[in-house]
Amino acid sequence: MKTFKQLDIYWVDLEPTKGAETQKLCPCVIVQADWLNTDSATLIVAPLLPTHKTWPFAVNIVPSKQNKLDKNRHLNLKQLRAADISRLSNLQGKLEQSYLKSIKTALTIVFGLER
């Protein structure tokens, strides 16, 4: 079984979808904690969508050698998905640790948790 790590970026097939859910094959970041990734059949992921956004639940990401993204993207924490590991294909790269604080802040906003 593959070892999946928090902040890894994989291409994920999000079809089938309904309504306003993020569609198609797109890069997603694993946001689930590493200890939950061991022997898990599902992973909690968030899609990396094109362009930067000013939404409080979005984290803007710039391309780098580590994340290997092709363009500016935003991590949409309002579109979290539990994805079966069979939906994950190619490893794209790894999101830098420097984004983790912003991800936690966005998740706090999404879930209405106190800071």
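Every chain is numbered independently, its residues counted from 1 as its sequence is written. The predicted nature of this model means local features are confined to residues of pLDDT at least 70 and side-chain atom pairs, given and counted, to a pLDDT of 80 or more, with totals for whole chains, interfaces and linings taken over all residues. With hydrogens and water stripped out, all remaining heavy atoms of the structure feed into the side-chain values.

Participant: Can you break down the packing of aromatic side chains residue by residue, with the values?
Facilitator: For Phe, Tyr and Trp, rings pair up if their centres lie within 6.5 Å, where Trp contributes its six-membered ring, and each pair is then called stacked (planes under 30 degrees apart), edge-to-face (over 60) or tilted (otherwise). Evaluated as defined, the whole model comprises two aromatic pairs. On the basis of an interplanar angle of 25° and a centroid distance of 5.3 Å, the ring pair of W55 and F57 is categorised as stacked. Burial classes follow relative accessibility: with a 1.4 Å probe on protein chains only, a residue under 20% of its type's maximum area counts as buried, one over 50% as exposed, and anything between as partly exposed. F57 gets classed as buried once you look at its relative accessible area, which sits at 17%.

Participant: Let's hear about the pairing of strand β5 (residues 73–76): which residues, and what values?
Facilitator: Note on strand geometry: in a regular strand, side chains alternate between the two faces of the sheet. For helices the rule is a DSSP run of H or I covering at least 4 residues; for strands it is a run of E covering at least 2, with both sets numbered from the N terminus onward. On β5, burial covers both faces: R73 and L75 on one face and H74 and N76 on the other are all buried. Where strand β3 (residues 42–50) meets β5, three bridges bridge the pair, whose relative direction is antiparallel. Within β5, the position partnered with L48 by the bridge is L75. Taken together, the four bridges between strand β4 (residues 58–61) and β5 define a ladder with antiparallel strand orientation. Bridging across to β5, N60 finds its partner in H74. What makes two strands pair is DSSP finding at least two bridges between them.

Participant: Can you lay out the environment of V29 for me, pointing to particular residues and giving the numbers?
Facilitator: With respect to the helices and strands, the residue V29 is situated in strand β2 (residues 25–30). The contact rule is simple, with two residues in contact once any of their heavy atoms fall within 4.5 Å. Among residues more than four places away in sequence, those in contact with V29 are L7, D8, I9, I44, V45, A46, L48, L75 and L95.

Participant: So, the nonpolar core: which residues are in play, and what are the values?
Facilitator: Within the largest apolar cluster, 17 residues are counted, with the highest numbers of intra-cluster contacts made by V29, V59, I61, L75, L77, L95 and I103. The set of elements that each furnish at least two residues to this core consists of β3, β4 and α2 (100–111). Grouped together as the second largest cluster of nonpolar side chains are eleven residues, V12, C26, C28 and L43 included. For our purposes a nonpolar core is just a set of buried Ala, Val, Leu, Ile, Met, Phe, Trp, Tyr and Cys residues, chained together by side-chain atoms within 4.5 Å.

Participant: Give a description of a nonpolar patch on the surface that names residues and reports values.
Facilitator: Patch membership requires over 30% relative accessible area and the absence of a salt bridge. Like charges are linked within 9 Å, and nonpolar side chains (Val, Leu, Ile, Met, Phe, Trp, Tyr) within 5 Å. Methods summary: accessible areas were calculated by the Shrake-Rupley approach with a probe of 1.4 Å, and residue burial reflects only the protein chains presented. One speaks of a salt bridge when a side-chain nitrogen belonging to Lys or Arg is within 4 Å of a carboxyl oxygen belonging to Asp or Glu. On the surface, a cluster of nonpolar side chains totalling about 280 Å² of accessible area is made up of V110, F111 and L113. Structurally, F111 can be placed in helix α2.

Participant: Got a sec to walk through the state of the cysteines? Specific residues and values, please.
Facilitator: The disulfide criterion is simple: two cysteine sulfur atoms within 2.5 Å. This model, assessed by the stated rule, comprises zero disulfides. For C26, which is in no disulfide, the shortest distance to another cysteine sulfur is to C28 and amounts to 3.9 Å. You can call C28 buried: its relative accessible area is 2%.

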